[in-house]
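# Summary of structural features
For reference, the chains in residue letters:
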Protein chains: 2
Amino acid sequence: MAQKKYVYSFKEAHEAHLGKEILGGKGFGLCEMTAAGINIPAGFTVTTEACTLYYESGKKIPDFVWDDIVAHVHAIEESSGKVFGGAKGKTPLLVSVRSGARQSMPGMMDTILNLGLNDEAVEELAEAANNERFAWDSYRRFILMFTNIAKGWPRTDMDKMLDELKEQNGYKLDTQVTTEQLKDLVKRYKEYYKKTFNEDFPTDPYVQLKEAVGAVFKSWDNPRANVYRQMNGIPYEWGTAVNVQTMVFGNMGEDSGTGVAFSRNPSTGEKKIYAEFLQNAQGEDVVAGIRTPEHIDWLKDHMPDVYKQFEETIKRMENYFKDMQDMEYTVEKGKLYFLQTRNGKRTAAAALKIACDLVDEGLIDEKTAVCRVEPKQLNDLLHPTFNPDDLKKHSPIFHGLPASPGAGTGHLVFDADEAKAEHDAGRKVVLCRAETSPEDIIGMVNAEAIVTARGGMTSHAAVVARSMGKCCVAGCTDAIIDEEKKTLTVNGKTYTEKDVFSVNGTTGEVYEGAIEMQEASMGGNFGRMMAWADKYRRLKVRANCNTPEDALNARKFGAEGIGLCRTERMFFAPERILNMRAMILSDTTEQRTAALERIRPFLMGDFYDMYMANPDTNVNIRLLDPPLHEFLPDIHDEENIKELAKQLNVTEQKVKDRINQLHQANPMMGFRGVRLCVAYPEIYAVLARAIIQAAIKASKELGHDVEPEIMIPLCGEFKEYEWAKKVVDETVQDEMKLEGKTLVYHVGTMIEIPRGALRAGDLAKDAEFFSFGTNDLTQLTMGFSRDDSGQFLPYYYDRKIYEFDPFQTIDVEGVGELVKIAVERGRKTRPDLLIGVCGETGGDPVSIEFYDKVGLDYVSCSPFRVPLARLAAAQAAIKHEAEAEEADPVNKVKKFLKIKK
Amino acid sequence: MAQKKYVYSFKEAHEAHLGKEILGGKGFGLCEMTAAGINIPAGFTVTTEACTLYYESGKKIPDFVWDDIVAHVHAIEESSGKVFGGAKGKTPLLVSVRSGARQSMPGMMDTILNLGLNDEAVEELAEAANNERFAWDSYRRFILMFTNIAKGWPRTDMDKMLDELKEQNGYKLDTQVTTEQLKDLVKRYKEYYKKTFNEDFPTDPYVQLKEAVGAVFKSWDNPRANVYRQMNGIPYEWGTAVNVQTMVFGNMGEDSGTGVAFSRNPSTGEKKIYAEFLQNAQGEDVVAGIRTPEHIDWLKDHMPDVYKQFEETIKRMENYFKDMQDMEYTVEKGKLYFLQTRNGKRTAAAALKIACDLVDEGLIDEKTAVCRVEPKQLNDLLHPTFNPDDLKKHSPIFHGLPASPGAGTGHLVFDADEAKAEHDAGRKVVLCRAETSPEDIIGMVNAEAIVTARGGMTSHAAVVARSMGKCCVAGCTDAIIDEEKKTLTVNGKTYTEKDVFSVNGTTGEVYEGAIEMQEASMGGNFGRMMAWADKYRRLKVRANCNTPEDALNARKFGAEGIGLCRTERMFFAPERILNMRAMILSDTTEQRTAALERIRPFLMGDFYDMYMANPDTNVNIRLLDPPLHEFLPDIHDEENIKELAKQLNVTEQKVKDRINQLHQANPMMGFRGVRLCVAYPEIYAVLARAIIQAAIKASKELGHDVEPEIMIPLCGEFKEYEWAKKVVDETVQDEMKLEGKTLVYHVGTMIEIPRGALRAGDLAKDAEFFSFGTNDLTQLTMGFSRDDSGQFLPYYYDRKIYEFDPFQTIDVEGVGELVKIAVERGRKTRPDLLIGVCGETGGDPVSIEFYDKVGLDYVSCSPFRVPLARLAAAQAAIKHEAEAEEADPVNKVKKFLKIKK
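Reference entry: report on the structure contained in this document. Positions within a chain are numbered from 1, following the residues in the order the chain's sequence is written. Chain labels run from A onward and ligand labels from 1 onward, assigned in the order the entries are written. Totals for whole chains, interfaces and linings use all residues, but because this is a predicted model, local features are given only for residues with pLDDT of at least 70 and pairs of side-chain atoms are given and counted only at 80 or more. Side-chain measures here rest on the full set of heavy atoms in the structure, leaving out hydrogens and waters.

Helix and strand content of chain A: 37 helices and 33 strands. Seen through its C-alpha atoms, chain A measures out along the principal axes to roughly 105 × 65 × 50 Å. If you take every contact in chain A between residues at least 6 apart in sequence, the share linking residues at least 24 apart comes to 68%. Accessible areas in this description were obtained via Shrake-Rupley with a 1.4 Å probe; residue shielding takes into account the shown protein chains only. Just so you have it, chain A exposes about 37500 Å², and 50% of that area is on carbon and sulfur atoms. Neither His nor the chain ends is counted toward charge; the positive residues are Lys and Arg and the negative residues Asp and Glu. Charge placement uses NZ in Lys and CZ in Arg. For Asp and Glu, CG and CD serve respectively. Put simply, chain A has 113 plus and 138 minus side-chain charges, and the middle of one group is 3 Å from the middle of the other. Secondary structure elements are defined from DSSP: runs of H or I of at least 4 residues count as helices, runs of E of at least 2 residues count as strands, and each element is numbered from the N terminus. What makes two residues a contact is simply this: any of their non-hydrogen atoms within 4.5 Å.

In structure tokens form, the structure reads like this:
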């Protein structure tokens with residue numbers, strides 16, 4: 001039996017079809033670039049299996065493995081003409097020795113650079129690089145690194161030697177240390193090494209290498225790596241590979257240099273190399289910004305052969321990786337090396353163009369193109385933005401949560417009515433509020449942007465702003481907003497209504513002064529991408545719309561119906577709110593019904609408009625949800641209480657008593673949702689009647705029947721749902737009889753209470769649809785009030801307890817389990833149950849992937865998120881299809897056979 | 001093969017060992033009484049199988065079944081000497097025909113009384129009863145009932161005939177109708193019957209009976225029965241049995257009569273018959289209260305033979321049913337019949353005495369005795385009560401929720417400080433508050449009773465009152481309490497501090513004026529019962545105690561340690577609250593730590609006292625839980641804000657800013673619990689240090705080590721728990737090192753967030769115990785705020801959506817599922833995980849049964865509930881042991897063989 005192989009050059013590794021489990025992540029990447037025919041610095045990988053062997057052999061590298069390592073070094077020497085350890089007149093071969101586990105463990109394990117330096121090699125390096133100081137500094141660093149990493153000795157003393165030298169000479173920077181001083185330091189380092197280990201610093205590069213490889217293997221077992229593995233569930237048994245790779249230098253003379261390159265323009269997506277080059281320099285010089293790189297044309301003009309190779313390589317790279325690449329490259333003495341490549345970051349516009357172009361070029365198929373665009377980037381294309389040039393001239397004065405994307409500029413106002421007045425007078429305003437309430441909507445509609453001091457990403461202000469596509473920054477904890485004094489104070493400076501602010505809802509930054517705006521533009525690539533997305537997605541996408549304007553927007557963005565139409569806002573318009581208040585102050589069912597009946601014609605009109613704005617798809621209307629106190633003045637608002645008492649011809653005390661009676665200690669968990677209907681069935685009855693009336697009218701007008709969906713919020717118990725459904729059914733039947741017209745209609749419930757999710761099997765007995773209200777479900781499952789979580793969640797992010805906002809992205813482990821339970825139990829009772837989600841997470845790509853996986857029928861999100869959701873749904877479907885294919889036993893066998901071939 | 005039997009006399013049924021599934025519930029009860037040798041009116045049961053046969057035969061009673069029914073009627077005639085259908089000079093045999101399903105379906109099915117009456121029999125009945133009017137009224141009612149029930153015809157017309165007759169004669173009551181008029185009405189009823197059905201009213205009693213039996217079978221399929229079955233999950237296939245039983249009359253002369261009897265005194269438990277007798281009367285006469293019954297001695301004196309039989313029967317009944325019986329009996333012409341018996345309701349004292357006596361008499365064993373006392377009744381024995389005689393003289397003026405049992409009387413006060421001042425001055429007060437806050441504790445301590453306008457059974461006031469054993473009535477929605485004006489207004493009448501009220505926390509009733517009190521007394525039976533309970537229970541019982549006084553009370557009541565010691569109240573004492581506020585107003589960790597360190601000595605003292613008050617068992621201390629704003633003045637409380645600013649030497653604006661910053665929209669789900677520690681670890685560190693310091697000091701003092709349990713509240717995520725546990729561990733280790741003393745200590749978490757329950761498998765990785773906080777877990781799982789649920793839960797009870805308060809009794813279907821999940825997942829990770837419950841439901845018998853079933857280790861409740869919990873835990877253990885025995889296959893076979901024998 002042939003001896004098992006433990007060392008592979010990058011090329012050998014590719015030919016052997018080895019994977020990450022043998023090569024580690026870094027080794028695999030190098031092997032891929034080799035496969036792509038990219039000229040990378042030569043090198044080899046010592047496999048993870050060698051690591052296991054190392055430990056099994058009592059922390060020793062077995063001879064036959066070591067022999068193979070040496071053989072691979074020789075092979076590099078041969079192909080490069082460089083000499084390991086240096087030889088007179090020859091460029092010395094220096095190598096890096098790096099760990100590389102199957103899964104990336106950043107910073108957990110060790111790296112040694114410039115290995116191979118000794119007193120001879122350093123001279124040759126100085127000559128080759130034409131830079132004596134560089135060579136000796138490299139040597140100094142190598143000794144330090146070797147002592148510290150390979151020998152595991154603290155670097156304190158050696159650092160101290162350098163510090164003292166700098167102090168004695170009054171240097172501030174390492175770069176001020178002279179070559180002679182470095183030579184002296186090298187000498188002293190070696191003396192220190194000898195004193196410490198009672199042996200000379202190894203001049204034999206193979207001795208250095210053997211120590212270094214062993215050290216990397218040993219680092220797999222160091223305490224911080226063990227903790228990291230524990231935290232991330234990485235098995236100890238995996239071991240790490242070691243990658244040994246030639247070091248190349250761009251600072252070896254006029255025929256050397258270094259740079260970065262994008263294979264296409266990352267801003268526009270234009271198919272043209274976008275690169276820079278810095279002659280006779282190292283990567284660090286580019287990063288440090290000491291010198292300014294040249295345009296890539298410089299290379300074309302001065303080193304045409306290299307440039308040609310450069311162009312060809314980039315093309316090959318794109319053809320291999322089939323995506324726009326972001327690369328680092330070095331020219332060492334006229335020879336081009338690519339050190340690294342990765343898929344390049346790009347703007348939304350560029351992402352669309354590149355994906356479409358790659359399809360046209362036949363490099364990728366439509367499904368791949370769909371997966372190439374980050375859904376969240378689409379937002380940038382739908383909202384106005386600041387002119388980037390003008391933006392550069394401003395710095396933000398404070399920031400908050402990026403609650404609703406876009407940009408807006410205007411003078412400050414602190415009151416909703418004032419916002420409207422100013423807007424009507426043709427002036428642009430930024431509405432500043434401590435926090436917003438439903439009565440602020442009129443102000444939000446008329447503002448360019450909204451800024452709030454309190455509230456999270458899913459606070460009232462944020463939710464409403466997103467649904468309007470209005471820019472909003474919420475939870476600006478540094479800002480103190482005094483609504484009465486009409487001032488905004490930040491860092492001790494106070495602003496008033498005279499001041500103009502600019503607000504970036506995409507980043508959460510707020511600026512003083514006006515910044516120029518630019519409008520959103522949607523190119524043809526956008527439409528093309530959306531069409532592909534629609535072709536491949538399984539999930540339907542609906543929109544949350546409260547007004548006909550929302551509905552029109554949603555249609556424009558491709559929504560397939562309305563997943564949530566909230567009715568509460570319909571009660572706030574001036575001609576209705578007084579009757580709503582009269583209803584709340586009533587003492588009998590008759591009084592309540594009479595007051596509600598006065599509102600009904602308005603509601604009917606609103607619903608009719610919704611149906612007409614959405615003629616081809618379903619409209620899901622949610623019956624009244626918020627607690628009634630939200631419709632009454634605040635108990636401390638003497639003026640409005642007095643006014644209301646007068647209007648309704650009751651005593652002020654009566655108004656106050658009712659406000660007090662309806663006071664909610666925890667409104668989120670209070671007297672709201674279906675509970676209103678259990679107490680006062682007439683409220684839901686009037687809404688149901690208005691809905692069906694509107695639907696009948698719209699059906700006649702449209703010439704085809706609309707199919708109303710009526711949603712009962714906040715159900716946790718079947719009998720509670722039944723009660724409300726009976727109220728709805730009886731009213732609807734009665735109204736249809738009165739009108740002499742029968743429509744198909746559907747009644748269902750939101751699942752937003754943990755108990756509702758647990759009892760889903762019951763609820764589905766009589767609910768035709770479920771709609772997950774993930775905002776409330778998350779609040780209750782996690783016990784977080786979304787309005788209050790801004791006070792503590794930042795600490796959670798700081799401490800890495802939670803890493804994302806669970807109101808934005810569904811908490812799969814907790815809330816997600818309840819979603820899964822509800823889907824399973826609901827469908828068990830009623831296999832054709834229609835299931836969607838209408839919470840904030842319905843517009844989040846990560847969440848959408850989850851919803852696709854658990855088999856929801858649709859997601860519903862704010863109109864401006866619809867394109868994002870369509871794309872994310874397509875990506876999810878493509879991913880899950882691929883996973884299913886992967887898991888298919890037939891395909892597994894096929895794949896196995898292919899690998900064996 | 002013998003013809004299957006479908007008709008059984010009560011005696012035959014007993015001999016055949018038939019059960020409820022064949023006889024129905026009522027039939028089985030009659031058969032049991034027969035078995036006990038009780039003289040009940042003769043009769044028989046037509047089985048549920050006959051019902052099935054009836055439907056299978058196309059809604060016909062098969063001939064062979066009918067023949068058997070007739071044979072059983074003949075048997076009754078023979079043994080009674082009565083004649084079915086009547087015969088000259090003979091007492092007519094009248095029967096009742098009643099449905100009786102396997103499971104009681106009250107009011108869902110039909111009953112026909114006095115069957116067997118016709119023109120002849122009515123005359124004989126008149127003679128036998130010596131009451132012509134009674135006979136004709138019975139006849140009239142029978143025709144009406146037969147027409148309505150057996151023939152399924154609406155009774156409207158027949159009711160109208162009676163109404164018109166009364167109207168014409170100016171009668172108000174049915175009893176005013178004369179015999180002649182009744183005779184005429186019977187005539188007209190029969191004419192109406194003939195007109196309606198085109199046939200004469202059946203005079204043949206067998207025709208009547210056949211129709212009636214069929215009608216009862218048919219009623220199984222009536223719409224209301226179907227709905228009831230659907231709602232209660234009763235299978236349609238079960239069918240109903242029919243019971244035919246002789247009617248007996250106590251109004252047949254001087255040698256007849258009727259009465260009720262208890263086999264022992266239901267008030268005291270004394271072993272002496274407690275009964276009444278009413279000569280020549282029917283049951284209705286007793287109920288109507290027209291005549292006053294005689295003491296049972298009357299029967300002894302006047303009908304000594306009957307009395308002797310009566311005494312013997314009651315003794316036999318007790319021997320058979322092995323419990324105190326509550327019976328109805330009738331003497332018909334000197335012959336004694338028992339119509340009904342059931343286990344008698346009794347006072348707590350009587351329940352204890354009877355159970356103990358029955359054990360001494362050898363009738364029941366200890367386990368049975370333990371199950372004979374309703375745990376909730378024990379409450380009556382632990383608290384002072386009103387003198388029943390004095391209580392009779394008062395009527396309540398309003399009522400609320402019986403939030404904490406007991407009784408109290410005193411003049412009204414509206415302010416906590418005033419309560420203390422009055423108490424110190426030796427005057428008794430009733431504290432009235434709109435709702436209570438933690439700052440009211442001082443008032444609650446010093447009041448005889450507490451009354452609040454808002455808040456449910458688990459509001460702050462209720463929870464605190466119960467833990468103190470202080471009488472409290474909460475959520476008095478009819479009362480308007482104006483704390484500023486110091487008035488309580490109810491039904492338009494306004495009371496002030498001058499008025500004296502008496503409050504019954506057991507019933508929720510509030511009285512004007514003082515009612516005499518009587519102290520609680522605990523007899524020897526109480527101790528005996530508790531000893532038995534302790535012998536048979538599996539669950540440990542701990543107490544929720546916040547003060548050493550609580551802990552002493554808890555020990556007195558038999559608590560086995562403290563399941564919950566809340567730390568928040570410790571910060572409210574005058575010498576601490578200012579430092580707490582200074583901590584909250586701090587800007588840096590150093591400032592916060594400094595302020596907390598000033599409180600630490602006090603905390604240490606409190607914890608030391610807790611350990612000393614509880615030297616033998618564990619004390620579980622919960623780290624700070626409530627949101628910080630609870631420690632600051634209300635934002636509208638200008639005076640206290642000013643004062644605080646002055647005390648802390650900061651601006652008023654700073655205080656206000658912090659109050660505003662800490663404002664919680666939904667405090668229950670806000671910045672509280674472990675979240676405080678994630679933000680400000682120093683808070684938990686100081687508490688942990690004080691706990692361990694106190695534990696070390698107490699250990700030294702006691703001469704043995706105490707074992708602190710430190711509980712982290714509100715965890716929903718493992719990393720969050722880990723963060724807090726690390727804070728605790730580091731501090732504890734540091735303090736133990738400082739003190740040079742090592743103690744065993746335990747850290748665990750409350751499970752009170754649905755996510756915590758779902759992630760219990762994770763949490764148990766590093767939590768040594770779980771304690772279910774069912775108050776919060778219920779709030780979050782059901783989405784109910786307990787402070788607000790008083791606004792809507794009453795409607796839920798009215799509409800039978802929920803039938804109990806989920807904060808009092810665990811909602812098994814919803815919250816209970818999460819408890820089960822958490823227990824399973826927690827124990828899977830850590831099999832020896834200690835699991836308890838410290839929410840309100842920990843002291844509720846139904847919930848305790850559930851906790852025993854799912855395998856919790858202990859329940860913890862307020863000290864006054866400890867005896868109740870001990871008893872309930874014993875009952876649960878006994879029940880579950882019996883169920884396990886029942887389910888044991890070996891026992892199943894044994895039982896089967898015994899029945900076959």
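After presenting the structure, the write-up continues.
We now examine the pairing of strand β28 (residues 619-622) of chain A. All names here are of chain A. To sort residues, take the accessible area from a 1.4 Å probe on protein chains only and compare it with the maximum for the residue type: under 20% means buried, over 50% means exposed, and anything in between is partly exposed. Burial along β28 is two-sided: Val619 and Ile621 and Asn620 and Arg622, pointing in opposite directions, are all buried. Pairing geometry for strand β27 (residues 562-566) and β28, over three bridges, is parallel. Bridged to Arg566 within β28 is Arg622. Sheet topology places β28 next to strand β29 (residues 709-712); three bridges connect them, and they run parallel. The residue of β29 that forms the bridge with Asn620 is Glu709. One requirement defines pairing of two strands: DSSP has to find at least two bridges between them.

Now for the packing of helix α25 (residues 638-648) of chain A against helix α26 (residues 652-661) of chain A. A packed helix pair is summarised by two numbers, namely the angle formed by the two axes and the spacing between the axes. Residues and elements named next belong to chain A. It is at 8 Å that the axes of α25 and α26 come closest, and there the two elements cross at 115°. For the crossing formed where α25 meets α26, the hand is right-handed. Here Glu638, Ile641, Lys642, Leu644 and Ala645 of α25 lie close against α26, whose contacting residues are Glu652, Val655, Lys656 and Ile659. Classifying every residue of the contact of α25 with α26 by side-chain character gives five nonpolar, no polar and four charged. To obtain an axis, a line is fitted to C-alpha atoms, over the contacting stretch when the element is a helix, and the angle between two such axes runs from 0 to 180 degrees between their N-to-C directions. Crossing handedness is defined as follows: a turn of the near helix away from the far one that is anticlockwise and smaller than a right angle gives a left-handed crossing, while the clockwise case is right-handed. Residues are grouped as follows: Ala, Val, Leu, Ile, Met, Phe, Trp, Tyr, Cys and Pro are nonpolar; Asp, Glu, Lys and Arg are charged; all remaining types, including Gly, are polar.

Below, the discussion takes up the sheet that holds strand β26 (residues 540-544) of chain A. Residues and elements named next belong to chain A. Strand order around the closed barrel formed by eight strands is β26-β27-β28-β29-β30-β31-β32-β33, with parallel pairing between neighbours. Going across the sheet, the axis of each strand differs from the next one's by a mean of 25°, ignoring polarity. Pairing of strand β32 (residues 834-837) with strand β33 (residues 858-861) involves two bridges; the strand directions are parallel. Paired with Val837 across the two strands is Val859, which belongs to β33. Across the face of the sheet, helix α24 (residues 589-613) comes into contact with β27 and β28 while running at roughly 155° to β28.

Superposing the two chain copies requires a rotation about an axis and a translation along that axis. The transform that puts chain A on chain B rotates by 179° and translates by 0.2 Å along the axis, for an RMSD of 0.3 Å. The superposition operator between the copies reduces to a two-fold rotation axis. Mapped onto chain B, 100% of the interface residues of chain A are again interface residues, and the two copies thus contact each other with one and the same surface. Copy-to-copy alignment: least squares on C-alpha atoms, limited to residues at pLDDT 70 or above in both.

The next point concerns the interface of chain A and chain B. The partner chain B presents 56 residues to the 56 residues of chain A that form the contact. A 1.4 Å probe defines the accessible area here, and the buried area is the portion of it lost by two parts on being joined, summed over both. Both faces considered, chain A and chain B share a buried interface measuring about 5100 Å² in area, 52% of it formed by carbon and sulfur atoms. For this analysis, a salt bridge means a side-chain nitrogen from Lys or Arg found within 4 Å of a carboxyl oxygen belonging to Asp or Glu. Scanning the region where chain A abuts chain B turns up eight salt bridges. Polar contacts here mean pairs of N or O atoms no more than 3.5 Å apart (in protein, one a potential hydrogen donor and the other a potential acceptor; neighbouring residues in sequence count only if both atoms are side-chain atoms). Our count for the contact surface shared by chain A and chain B stands at 36 residue pairs in polar contact (both at pLDDT 80 or more). The set of elements that each furnish at least two residues to the side of chain A that touches chain B consists of α26, α27 (674-679), α29 (718-739), α30 (754-758), α32 (774-782), α33 (793-798) and α34 (815-829) of chain A. The residue inventory of the side of chain A that touches chain B, partitioned by class, reads 25 nonpolar, 14 polar and 17 charged.

A few words on the environment of Asp734 of chain B. All names here are of chain B. As for its position among the elements, Asp734 is in helix α29 (residues 718-739). Judged by relative accessible area, Asp734 falls into the partly exposed class, the value being 35%. For the pair Asp734 and Arg689, spaced 45 residues apart in sequence, the C-alpha separation works out to 8.6 Å. A polar side-chain atom of Asp734 sits 2.9 Å from a polar atom in the side chain of Arg689.

Right, let's get into the packing of helix α5 (residues 119-129) of chain A against helix α6 (residues 132-150) of chain A. Residues and elements named next belong to chain A. Close contact between α5 and α6 brings their axes to 7 Å; oriented N to C, the two are set at 145°. Between α5 and α6 lies a crossing whose hand is right-handed. Only Glu132, Phe134, Ala135, Trp136, Ser138 and Tyr139 of α6 make contact with α5, whose side of the interface consists of Asp119, Val122, Glu123, Leu125, Ala126 and Ala129. Taken together, the residues that form the contact of α5 with α6 break down as eight nonpolar, one polar and three charged.

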